[in-house]
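Structure assessment
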Amino acid sequence: MLRIYNTLTRKKEPFIPMEEGKVKMYVCGMTTYSDAHIGHARTYVAFDIIRRYLEYKGYEVLYIQNITDIDDKIINAANEANMDPLEYSAYYAERCLEDMRKLGIRDASLYPKATEHIDDMIKLIEKLIEKGYAYVADGDVYFSVERFQEYGKLSKQDMKQIKAGARIQPGEKKRKPEDFALWKAAKPGEPKWRSPWGEGRPGWHIECSVMSSRYLGIPFDIHGGGQDLIFPHHENEIAQSEAAYGKNFVNYWLHSGMLKVRGEKMSKSLGNIINVRDALKQWDAEVLRFFFASYHYRSPADFGEDALKNAENAVKRLRIAREKLAEMAGEDENFDENKLDEKEKEYLAAIKELRTKFEEAMDDDFNTPKALETLFDFVRKTNKFLMEKEKPDEKLCRYALNEFLRVANVLTLLQEEEKRMDEDAIRRLGEKYGVIKEKIEDVIEGLLAIRRKAREAKEYELADAIRDALREAGIEIEDIGKETKWRII
RNA sequence: GGGCGGGUCACCUAGAGGCCGGGUGGCGGACUGCAGAUCCGCAUACGCGGGUUCAAAUCCCGCCCCGCCCUCCA
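Residues numbered from 1 in each chain as written. Chains lettered and ligands numbered in written order. Predicted model: local features only at pLDDT ≥ 70, side-chain atom pairs only at ≥ 80, totals over all residues. Heavy atoms only, no water.

1. Quick notes on the overall build of chain A
If you tally the helices and strands in chain A, you get 16 helices and 15 strands. Judged by the C-alpha coordinates and their principal axes, chain A covers about 90 × 55 × 35 Å. Out of the 489 residues in chain A, the part that is buried amounts to 52%. Expressed as a percentage of contacts within chain A between residues at least 6 apart in sequence, the contacts between residues at least 24 apart total 74%. When the accessible surface of chain A is summed, it comes to about 23,300 Å², and 47% of that surface belongs to carbon and sulfur atoms. Of the side-chain charges in chain A, 82 are positive and 91 negative, and the distance between the mean point of each set is 2 Å. (Helix = DSSP H or I, 4+ residues; strand = E, 2+ residues; numbered from the N terminus. Buried < 20%, exposed > 50% of the residue type's maximum accessible area, 1.4 Å probe, protein only. Contact = heavy atoms within 4.5 Å. Areas by Shrake-Rupley, 256 points an atom, 1.4 Å probe, with all protein chains shown as cover. Lys, Arg positive; Asp, Glu negative; His and termini not counted. Charge placed at Lys NZ, Arg CZ, Asp CG, Glu CD.)

Structure, rendered in structure tokens:
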């Protein structure tokens with residue numbers, strides 16, 4: 001039974017979707033006015049894993065992630081760059097999605113954009129005005145917070161606190177400081193849309209109320225985002241949606257912890273924002289994903305050299321185990337349990353345990369660090385099994401590999417092979433030793449043949465030179481007796 | 001001030017009242033021409049001070065420290 005921590009109740013609750021077998025989830029996406037940073041990556045990897053686990057459990061998941069493509073910051077940034085704001089945000093939206101794909105995050109079911117839903121926003125605002133929850137003030141429209149009794153229920157703040165923190169910015173025409181904008185009258189030169197209150201553009205919060213209910217209905221199952229969005233954004237979404245529709249908006253609110261950099265908050269003023277693009281120059285996408293998965297999604301995470309280095313080594317251990325298993329694995333996984341000997345039966349038990357322990361961990365509010373433990377436990381048992389068993393059952397090995405990959409995939413690990421070897425360097429090396437072949441694999445084999453002869457002749461300098469050069473190029477070799485295996489590291 | 005989450009071995013993380021955490025790194029052993037990989041073993045831990053209990057990293061109280069939010073934020 002999956003249990004999920006709900007920010008609304010501050011408790012772990014059994015997860016029961018609205019519709020059996022289906023999960024409708026919405027995660028607040030990016031405001032696209034610059035490249036995605038590793039904080040975004042953390043959040044979207046976390047929700048990607050959540051989505052994958054739900055699918056692993058057999059749910060059909062409809063996963064909506066919005067793109068905020070109109071907003072003050074976009075307009076300002078576009079003006080500075082001397083570009084049209086909508087072109088500007090479209091450009092960054094594309095780049096951000098590209099970054100997420102490079103990270104290995106699966107696409108959401110849909111990435112709706114704010115500017116494509118202006119009509120629906122206007123309708124919702126009209127409804128709020130009709131019902132007396134919103135008012136027009138000189139071309140602006142504001143939500144009247146005190147009209148919504150439950151305001152503050154998500155962030156656990158009472159009205160007194162909210163009022164104490166609220167301010168009226170210059171140019172705003174709201175009646176109460178705690179009110180927030182649903183619609184903003186256009187200033188000269190800004191992108192604008194026609195509305196019953198004059199030309200203008202939507203406030204930030206309204207888009208999520210509109211797009212979530214448009215694609216998922218209301219209420220829907222899961223609404224996620226970074227912890228920094230709890231207040232005011234998600235609080236405001238609740239106010240808008242529940243005031244307008246008179247019913248519960250979301251069943252489970254999930255919030256991911258913030259990412260720090262070397263113990264400090266990531267912020268423009270500290271100048272320590274790390275873009276996904278830059279992070280990918282230094283670290284493998286899979287290493288970054290492992291790093292994120294090694295923290296529980298609600299805990300703060302700290303992006304530091306040591307932790308990344310640890311992750312890099314840990315990932316290597318997983319990859320090697322995968323390779324070793326793959327070498328022994330046959331075509332299909334339909335092994336015959338009666339043909340297994342004692343050792344194999346013992347290993348079969350370990351394979352089955354992988355799944356149960358993994359699920360136990362993930363069922364507990366997506367405890368990915370705990371889930372990783374089960375992977376490493378399995379790796380140790382696999383290595384031991386392959387070491388002790390001369391000719392392991394091929395089908396059993398295929399089954400083990402498949403099971404391993406199935407759970408690893410949920411954690412976004414051991415996915416499609418990324419080319420990490422430097423083919424050019426290997427070919428140059430081949431030329432040096434007179435090995436010229438079409439296929440890179442043949443070049444490597446040829447080099448290894450030369451090395452084998454060298455070893456037999458006890459010409460260890462040459463043997464080691466080839467080994468070191470291959471290692472430089474991303475190929476690691478392993479001598480087992482007379483035989484030599486190689487793998488991409 | 002209000003809300004939330006933390007302080008666990010050299011490093012990164014998980015954690016149920018009693019027994020176990022895992023990864024990285026280190027040390028020793030097996031294997032090896034060497035290296036790597038792997039296996040086995042070893043070490044280092046629960047911010048501070050009280051309390052509850054036969055038993056506390058875990059529950060309670062107080063304190064110190066850190067991070068996040070409190071109308072820009074993922």
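Now that the structure has been shown, we can carry on.
2. Things to note about the sheet that holds strand E11 (residues 259-261)
Read across the open sheet, the three strands follow the order E12-E11-E13; overall the sheet is mixed. A single partner strand is all that each edge strand has here, and the edge strands are strand E12 (264-265) and strand E13 (301-303). The sheet contact formed by E11 and E12 spans two bridges and is antiparallel. Across the sheet, Val 261 pairs through a bridge with Glu 264, a residue of E12. (Pairing = 2+ DSSP bridges.)

3. What about the protein's contact with RNA strand B?
Around RNA strand B, a shell composed of 64 residues is seen, among which Lys 73, Gln 161, Trp 204, Lys 265 and Glu 478 lie nearest. Within 4 Å of the protein, atoms of RNA strand B come from sugar and phosphate in 70% of cases. Contacts to RNA strand B include Thr 43, whose side-chain N or O atom sits 2.8 Å from a base nitrogen. Side-chain polar atom of Ser 299 to a phosphate oxygen of RNA strand B: 3.2 Å apart, as the coordinates give it. Per-element tally for the surface near RNA strand B: the top contributor is helix H10 (residues 305-328), with nine residues. Of the residues that constitute the surface near RNA strand B, the class distribution is 22 nonpolar, 19 polar and 23 charged. (Near = heavy atom within 4 Å. Polar contact = N/O pair within 3.5 Å; in protein donor to acceptor, adjacent residues only side chain to side chain. Nonpolar A, V, L, I, M, F, W, Y, C, P; charged D, E, K, R; others polar.)

4. Here we look at the sheet that holds strand E7 (residues 180-185)
One open sheet holds the four strands; their spatial order is E5-E6-E7-E8, and the pairing between them is antiparallel. A strand with exactly one partner marks an edge of an open sheet, and here the two such strands are strand E5 (134-137) and strand E8 (200-202). This sheet shows a mean twist of 20° between the axes of neighbouring strands, independent of strand direction. Two strands pair when backbone bridges link them, and E7 and E8 are joined in this way by three bridges, in the antiparallel orientation. Paired with Ala 185 across the two strands is Gly 200, which belongs to E8. (Axes fitted to C-alpha atoms, helices over the stretch in contact; angles between N-to-C directions.)

5. What about helix H9 (residues 285-293)?
Within H9, nine of the nine residues are buried, leaving the element largely enclosed by the surrounding structure. Those residues of H9 that fall on the buried side of the exposure criterion are Ala 285, Glu 286, Val 287, Leu 288, Arg 289, Phe 290, Phe 291, Phe 292 and Ala 293.

6. Focus: the nonpolar core
The biggest cluster of nonpolar side chains holds 89 residues, and the ones touching the most others in it are Leu 54 and Phe 303. If one sorts the elements of this core by residue count, helix H1 (residues 38-56) sits on top with eleven residues. Counting contributing residues per domain, this core is built from domain 1 (3-256) and domain 2 (303-410), each supplying no fewer than three. When sequence neighbours within four positions are dropped, the list of residues in contact with Leu 54 reads Leu 2, Phe 15, Val 23, Met 25, Tyr 59, Val 61 and Ile 222. Core analysis: the second largest hydrophobic core is formed by 43 residues, Leu 8, Ala 134, Ile 218 and Phe 220 among them. (Core = buried A, V, L, I, M, F, W, Y, C linked by side-chain atoms within 4.5 Å. Domains from an automatic or database assignment.)

7. Some details on the environment of Glu 146
Structurally, Glu 146 can be placed in the loop between strand E6 (140-143) and helix H5 (159-165). In the structure, Glu 146 is positioned 117 residues away from Gly 29 in sequence and 28 Å away in space, judged by C-alpha atoms. The residues touching Glu 146, leaving out its near neighbours within four places in the chain, are Met 159, Lys 163 and Lys 176.

8. Let's talk about the side chain of Ser 256
Locating Ser 256 in the fold gives a position in strand E10 (residues 250-256). Exposure remark for Ser 256: the relative accessible area of 0% places this residue in the buried category. Sequence-distant contacts of Ser 256, defined by excluding residues within four places in its chain, comprise Thr 43, Phe 47, Gly 225, Gly 226, Gln 227 and Tyr 297.

9. Looking at the pattern of salt bridges
Opposite charge on two side chains permits pairing when their charged atoms draw close. Taken as a whole and assessed by the stated rule, the structure comprises 53 salt bridges. Asp 363 is the salt-bridge partner of Lys 57, the closest N and O atoms lying 2.8 Å from each other. Here the residue Lys 57 occupies a position in the loop between H1 and strand E4 (60-65), and Asp 363 occupies one in helix H11 (residues 342-363), the gap between them amounting to 306 residues. Taking the relative accessible area as the measure of exposure, Asp 363 reaches 11% and is therefore buried. Across the pair Asp 284 and Arg 319 runs a salt bridge whose closest N-O atoms are separated by 3.0 Å. Here Asp 284, found in the loop between helix H8 (276-282) and H9, pairs with Arg 319, found in helix H10; they are 35 residues apart in sequence, far enough to count as distant. A network of salt bridges, in which partner residues are shared, links Lys 316, Lys 324, Arg 471, Glu 476, Glu 478 and Arg 487. (Salt bridge = Lys/Arg side-chain N within 4 Å of Asp/Glu carboxyl O.)

10. Quick notes on the packing of aromatic side chains
For the coordinates displayed, the defined rule picks out 25 aromatic pairs. Arranged with centres 5.0 Å apart and planes meeting at 75°, the rings of Tyr 91 and Tyr 92 form a pair that is edge-to-face. Tyr 92 gets classed as buried once you look at its relative accessible area, which sits at 16%. Pairing Tyr 151 with Phe 231 gives two aromatic rings, centres 6.4 Å apart and planes at 75°, and the pair type is edge-to-face. (Phe/Tyr/Trp six-rings, centres within 6.5 Å; stacked < 30°, edge-to-face > 60°.)

11. Let's talk about the packing of H11 against helix H13 (residues 394-410)
One can describe the packing of H11 onto H13 by two numbers: an axis separation of 11 Å at closest approach and a directional angle of 10°. It follows that H11 is roughly parallel to H13 by the angle criterion. Judged by the sense of rotation from one axis to the other, the crossing of H11 with H13 is left-handed. In this structure, H11 uses Glu 344, Tyr 347, Leu 348, Ile 351, Lys 352, Leu 354, Arg 355, Phe 358 and Met 362 to contact H13, whose residues at the interface are Leu 396, Tyr 399, Ala 400, Glu 403, Phe 404, Arg 406, Val 407 and Val 410. (Parallel < 35°, antiparallel > 145°, perpendicular 65-115°, else oblique. Left-handed = near helix turned anticlockwise from the far one by under 90°.)

Geometric descriptors of this kind do not, in isolation, establish any biological role.
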